Each structure stands twice: as structure tokens, then as C-alpha cells.
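Below are the chains, spelled out letter by letter.
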Amino acid sequence: MIEKHLILEDIDPVVFYGVGNGHLQMIRSLFPKLRIVARDNVVRVLGDEEQMATFEENVEKIRQHVLRFNSLKEEDILDIVKGRRTKDDIPEGVVVYSMSGRPIKARTANQQRLIEAYEKHDMIFAVGPAGTGKTYLSIALAVKALKEKTAKKIILSRPAVEAGEKLGFLPGDMKEKIDPYLQPLYDALEDMLPQVKLQDMMEKHVIQIAPLAFMRGRTLSDAVVILDEAQNTTPAQIRMFLTRMGWNTKMIITGDMTQIDLPHSQKSGLIEAIHILNNVEGIGVVNLDRSDIVRHKLVTRIVNAYEEYDKEVKGEEVKGEK
């Protein structure tokens, strides 16, 4: 008789154990010579040495399955333990799986170009209107790098452009002041990582979310770094950010040229950066358009309507100047 403690790293134990510990009960029935007790992310096993080795091997296979697909079914457990054919490889084109088990992958040609640009270049600019999946797909690529251990951390940033309210007058400490600006990034992460694991990664600074102003003086190495809403950076800010790049780092800069919230007298740093860096080796630029919008169909109609309105306004301004 031997005893071992197995730790379920990097996954949500609730998914592993199943609703009402249903998956755990099935695993117990498949290994009748073992006494299996689970608490939090630790599985305590007592019993036959020979069956223990098989149990360890299968638990690791099940853990890897949950890590890849963020889901687990009873038939998956049976396939793994019985040695039947399983979904060992992620289907072609899938970046990662959401917490609901939904495959996250490119849904348009330009989104696929973004994925390919990420694979070829160390720095990528992804520019397009709202709803084209720039931020969501970029975070999926970062999560994949973390899971595959090609990066040690994810660093996400946004310029905190004040829209009517001054940060200094908002209630709370600095984190509470800046969190509203970063909520879209939290939303994407929560869709791809277990809540408990995400919290743990943030506490250990494996995932870091910070406003752009906090980047000064840092060198960002062994990471996937994403700057979201870069159209709201000044030329000085984006230049500072881009020069933070360290060894073994990928940078993705996303922005929407139609949603610049800077004062009219202030030039967008994103526009200037793309103009200067467009032909620099190692940098990729991907332009998404309204055909890439993957939100509700009304979003496409709204974007189209505003584009037509902007053209009319510009036309009237030109006539007025004449």
C-alpha cells in the first residue's frame, strides 16, 4: 500500500471533478483498488502500487485534456482510461478553447492574417473598427503562449484617456480608478481561463494589467505584451511603449482609428507609429475592416451608418472651405 498526493495544476478543479463530483465518482469506479479523496486541487490516493502508476498516468492525461479544452465529459474520461481514440490534438485553426469549451479561432480572412502575422513577426499592429475581434483574438494568442510555455507572462495595457471624469476625482485607490478602463481585457481573460487560476496568475504577476503610464522604465522580456486602444496614445507614449520590448517578447498593438478620444489638437500616436514603422523588418501590420465584424449584425450596420455620416460631414466641411 502506498499513498500519493497529485496536484491538479493550471486547471479548474471543478471541471475535473464534475458537477456533484460526478467525474470523480466515475474515476473511482474505474480504479476500484484505490482510495481516492479530493480537496481543492489536490487528489490524495491510497492503494495498490501497480494500479497507482496507471492512475497517475491517466490523471495527467485527463488534466492535459482539461487544460486544452476547458471542458470534460464522462465519455472523455472513458476514452482516456480505456485507451480509446481521443481528441489528442487541437483541431487545425483553433487558438484556445473558452471556458465553455467553445473553440476560439479566426472567423474571417483578416483575423487569420492576424494569427499568421503573430507567428511571423515579433511586433504586430492590428487596426480596425469595433467588433472585429482585435483584442479578443490577441488575448487568445497570449493565453495560448502561456499555456504552451513559450511565454512566461502576459502584460496587458491601455491608455487611460479620461472621458469627462478626472481620475483624481474618481473614488477609490489607483487600482479602482483604472479598472474601468481595463474591463474589456478582464472580460476576455475570464472567458479563457478558470476564475481561480486567473486570480492566482494575477496575484503572482504572471498576468499583469496596467495603464500605459506604468510602463515607463520597464524592460518587458519573456512575455506577450498587448497595448489595446492604441489610437488614444500620444506619439511620445507609444514611442515609450514600443521601446520597452525585451528578449523573447511579442508585442501586439491594437486600435480603432475611428474612435480617437484625444483632444482635437493632439495627434494619435498609433497613426504616426504605423506611418514610421510600416516597412520595418520584423513588424507586421494587419488592417481589419467592417467585413470582419463578428458581433451582433447591428454593429456592422451602426459602423456603416457612422462611416456614411463622417463622409457627409467631411464633404460639407470641404464645401464650406471653398
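If you're wondering where the values come from, they're calculated on a predicted model, not measured in any experiment.

(A) Highlighting the packing of helix H5 (residues 109–120) against helix H6 (residues 134–147). One can describe the packing of H5 onto H6 by two numbers: an axis separation of 11 Å at closest approach and a directional angle of 35 degrees. By crossing handedness, the relation of H5 to H6 is classed as right-handed. Contacts between H5 and H6 involve Gln 111, Leu 114, Ile 115 and Tyr 118 on the former and, on the latter, Lys 134, Leu 137, Ser 138, Leu 141 and Ala 145. Of the residues contributing to the contact of H5 with H6, the split by class is six nonpolar, two polar and one charged.

(B) Region of interest: the sheet that holds strand S8 (residues 207–211). Strand order in this open sheet of six strands is S8-S7-S9-S10-S6-S11, and the pairing throughout is parallel. Of all the strands in the sheet, just S8 and strand S11 (283–287) have a single pairing partner and so form its edges. Between one strand axis and the next, the sheet turns through 15 degrees on average, direction left out of account. Direction of pairing for strand S7 (residues 153–158) relative to strand S9 (residues 223–227): parallel, over a ladder of five bridges. Note on S9: the bridge partner recorded for Lys 153 is Ala 223. The strands touched by helix H9 (residues 235–242) within the sheet are strand S6 (123–127), S9 and strand S10 (250–255), with S10 carrying the most contacts at an inclination of about 160 degrees. Contacting S6, S10 and S11, helix H10 (residues 269–277) crosses the sheet at an angle of about 130 degrees to S6.

(C) Region of the structure containing the packing of aromatic side chains. In the structure shown here, the tally under the stated rule is three aromatic pairs. Taking 5.8 Å as the distance between ring centres and 90 degrees as the angle between the ring planes, the aromatic pair formed by Phe 16 and Tyr 17 counts as edge-to-face. The same class applies to Phe 16 as to Tyr 17, namely buried. With centroids separated by 5.2 Å and ring planes inclined at 85 degrees, the aromatic side chains of Phe 31 and Phe 55 adopt a geometry described as edge-to-face.

(D) Expanded view of the nonpolar core. Among the nonpolar cores identified, the biggest contains 37 residues, and Ile 139, Val 143, Leu 156, Leu 189, Met 192, Ile 207 and Ile 209 are the most heavily contacted of them. Ranked by residue count, the leading element in this core is H6, at eight residues. Counting 24 residues, the second largest nonpolar core, distinct from the first, contains Val 15, Ile 27, Met 52 and Ile 62.

(E) Representation of the pattern of salt bridges. In total, this model carries twelve salt bridges according to the counting rule given. Glu 3 serves as the salt-bridge partner of Arg 44, at 2.7 Å between the closest nitrogen and oxygen. Remark: Glu 3 occurs in strand S1 (residues 2–7) and Arg 44 occurs in strand S3 (residues 42–47); sequence separation between them is 41 residues. With a relative accessible area of 40%, Glu 3 lands in the partly exposed category. Across the pair Arg 158 and Glu 229 runs a salt bridge whose closest N-O atoms are separated by 3.1 Å. With Arg 158 in strand S7 and Glu 229 in the loop between S9 and H9, this residue pair connects regions lying 71 residues apart in the sequence.

Criteria and cut-off values
Residues numbered from 1 in each chain as written. Predicted model: local features only at pLDDT ≥ 70, side-chain atom pairs only at ≥ 80, totals over all residues. Heavy atoms only, no water. Axes fitted to C-alpha atoms, helices over the stretch in contact; angles between N-to-C directions. Helix = DSSP H or I, 4+ residues; strand = E, 2+ residues; numbered from the N terminus. Left-handed = near helix turned anticlockwise from the far one by under 90°. Contact = heavy atoms within 4.5 Å. Nonpolar A, V, L, I, M, F, W, Y, C, P; charged D, E, K, R; others polar. Pairing = 2+ DSSP bridges. Phe/Tyr/Trp six-rings, centres within 6.5 Å; stacked < 30°, edge-to-face > 60°. Buried < 20%, exposed > 50% of the residue type's maximum accessible area, 1.4 Å probe, protein only. Core = buried A, V, L, I, M, F, W, Y, C linked by side-chain atoms within 4.5 Å. Salt bridge = Lys/Arg side-chain N within 4 Å of Asp/Glu carboxyl O.

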